[in-house]
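Residue strings, one per chain:
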Amino acid sequence: MSLRNIAIIAHVDHGKTTLIDILLRQSGAFRDNQKVAERAMDSGDLERERGITILAKCTSLTWKDTRINIIDTPGHADFGGEVERILNMVDGAIVLVDASEGPMPQTKFVVSKALKIGLKPIVAINKIDKSDERHGEVINEVFDLFASLDATDEQLDFPILYGSAKEGWMATASDGPKDGMEPLFDMVVSHVPGPQTQGGPFSMLATTLEADPFLGRILTGRITSGSVTPNESIKALSRDGTEVERGRITKLLSFNGLERTGVEQASAGDIVAIAGLSKATVSDTLCDLSVSEALASEPVDPPTLAMTFRINDGPLAGQEGSKVQSRVIRERLLREAEGNVALTITDTGDKDSFEVAGRGELQLAILIETMRREGFELTVSRPQVVLQSDPETGQQLEPVEEVIIDVDEEFAGAVVQKLTERKAELMEMKPSGGGRQRLIFRSPTRGLIGYQSELLTDTRGTAIMNRVFHSYAPFRGAIQGRRTGVLISNAQGNAVAFALWNLEDRGPLMINPGTRVYEGMIVGGHTRGNDLEVNVLKGKKLTNMRASGKDDAVALTPPMILTLEKALAFIGDDELVEVTPESIRLRKRHLDPHERKRAERAKAS
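Below is a short write-up of the structure. Just so it is clear, the model here is predicted, and its values are computed rather than measured.

Strand order in this open sheet of 7 strands is E2-E3-E1-E4-E5-E6-E7, and the pairing throughout is mixed. The two strands at the open ends of the sheet, each matched to only one other strand, are strand E2 (57-63) and strand E7 (169-171). On average, adjacent strands in this sheet sit at an angle of 30° to one another, irrespective of strand direction. The sheet contact formed by strand E1 (residues 2-10) and strand E3 (residues 66-72) spans 7 bridges and is parallel. When the sheet's bridge partners are listed, Asn5 is paired in E3 with Asn69. Of the strands in this sheet, strand E4 (92-98), strand E5 (120-126) and strand E6 (160-164) touch helix H5 (residues 135-148), which is tilted by about 155° from E5.

So, on to the pattern of salt bridges. What the rule picks out here adds up to 34 salt bridges. Between Glu575 and Lys588 there is a salt bridge, and its shortest N-O distance comes to 2.9 Å. Placement of Glu575 in strand E33 (residues 575-579) and of Lys588 in strand E34 (residues 584-588) is noted, with a sequence separation of 13 residues between them. A single burial state applies to Glu575 and to Lys588, both of which are buried. Here Glu578 makes a salt bridge to Arg585, at a shortest N to O gap of 2.7 Å. Taking the relative accessible area as the measure of exposure, Glu578 reaches 0% and is therefore buried.

A few words on unusual backbone geometry. The phi dihedral of Asn231 falls on the positive side, at around 70°, and the residue is not glycine. The residue Asn231 is located in the loop between strand E10 (227-228) and strand E11 (233-237) in this model. Positive phi, normally seen in glycine, also occurs at Lys423, with a value near 70°. Mapped onto the secondary structure, Lys423 falls in the loop between helix H10 (412-421) and strand E25 (425-433).

Our focus in this paragraph is the pairing of strand E17 (residues 285-288). Alignment of strand E8 (residues 203-212) against E17, held across 3 bridges, turns out to be antiparallel. Within the sheet, the bridge partner assigned to Met204 lies in E17 and is Leu286. Summarising the sheet, E11 and E17 pair through 4 bridges and their orientation is antiparallel. Within the sheet, the bridge partner assigned to Leu237 lies in E17 and is Thr285.

The rules behind the values
Residue positions are given per chain, counted from 1 along the sequence in the order it is written. Whole-chain, interface and lining totals are the exception, using all residues; otherwise, since this is a predicted model, local features are given only for residues with pLDDT of at least 70 and side-chain atom pairs are given and counted only at 80 or more. The side-chain quantities take in all heavy atoms of the structure and omit both hydrogens and water. Only strands that DSSP links by at least two bridges are regarded as paired with each other. Helix and strand labels come from DSSP, where a helix needs a run of H or I of at least four residues and a strand needs a run of E of at least two; each type is numbered from the N terminus. Each axis is a line fitted through C-alpha atoms, taken for helices only over the stretch in contact, and angles between the N-to-C directions span 0 to 180 degrees. Throughout, a residue-residue contact means that at least one pair of heavy atoms, one from each residue, lies within 4.5 Å. Counted as salt bridges are all cases of a side-chain nitrogen of Lys or Arg within 4 Å of a carboxyl oxygen of Asp or Glu. Per-residue accessibility, obtained with a 1.4 Å probe over protein chains only, is compared with the maximum for each type, and a residue is labelled buried under 20%, exposed over 50%, and partly exposed between these values.

The structure is reproduced here in structure tokens:
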């Protein structure tokens, strides 16, 4: 049986996971009456809730007499580290492009990586059933994108398919026939070359790592040379060729539909998962005991954003979560960094805090949300960009991102003004059909922290923003942060409706009556530029005298409840987000007002 390894790469929401559902169904991987969840590859709780792919996953199907291994990749630039590693496992890629949106930043990011390592792409124009589809222009845009990324003549001669994954068809012409996915399967078999293998004993590069409660560490990768069987003794080599450990393969797993099944042998070219090693990690070479040289692995782009993760040292610490010690938090972060190469964890001078650097706000927010669901309590600081210095001039460099915003024409001016204030440069402005405009900016990552919610407010929720790391560029100077102060609770207890009602004129509140508060906790935004300490515990004074009028029921404006991402964007440098399994609270770094004043004076001097 011949073998093909392919990745499906596309921008977020262009239909990768839906396409794989249809491919599995039409290839006979499921029984006709088998109940399968929609977007079956998105198996994590967070992936299902948010409708996004976070971790790259492998599946396999059989078409006629060819076995096809397919890898579903994430569409967000924040999870780009997953995609970069995965591309080493495949020989071809299906580039999925939305028929109305065209190629977007993440398409560009992933395609550039794929072309660089010599993959032969197949372009599939998806969602052709949309009313605003423009497949002719989109194909020209894709060709221009490939040309600008220095594609070879062979890569530029890409085959094109049209179709709708939701309706379950692909064809070589835009008007059909609408008979299923057969043209796509046949194109993969004819256009994608079989896996290139080398002679010699067993060796494979580990590209993903996961922990299984029964099997321990499971490393997935593509076998480069030789064959392997369960119970065989192997060793792991790090990138520089030093031996990490030796061990025995306890389980050899191959992918079949959505399941992994144990196999007795696997040979070069196949994608398999190996259990049995306790220390080997991503980018290590797993090989026969006679091999002495490690396989080359692609370097991963450096992280651009960093956050400080600290223990929760507030008055309510340990009341909602079970994992609160710094030792437990450190172990969990190091375990995450092992499997996720785009994260780096460093210890700070303070033994209770750790710096976590990653690709973007979303990636770090997903990590915090995952830890919170596992029972952790922690406090996190505002995201800061990771600066570098130019080795020649010694000049400070900061990460710059390419931002593409699709917006209705009437709001384009407001978007340009706001981003210019945040030190962004407008590179291109063009109509994108239907009375909308596409604005392309190059903006410092610092300027984009917390911009998403402001953009939706300015454009009444109609704008779509996509961003991808572009390069490091000279530091562009100070950027104005939040212009207003906050309301800070001055005592510990339960908030009272009467007190909140009296504070409504001071600014938008962030808590409901009955919420537990403590000294130094942020309970709302202030309409002015300074912070204000308020008492949210003060009830109405009662006397023996009968009131002349009846007591009015207190009607409160619904509070502004912040999600984790909004909270991280809202806080200033002297504030923290306290995250527990049940609550997200905002607080000052120094809870005591005298300590806050002291810290402010020290900063000013």
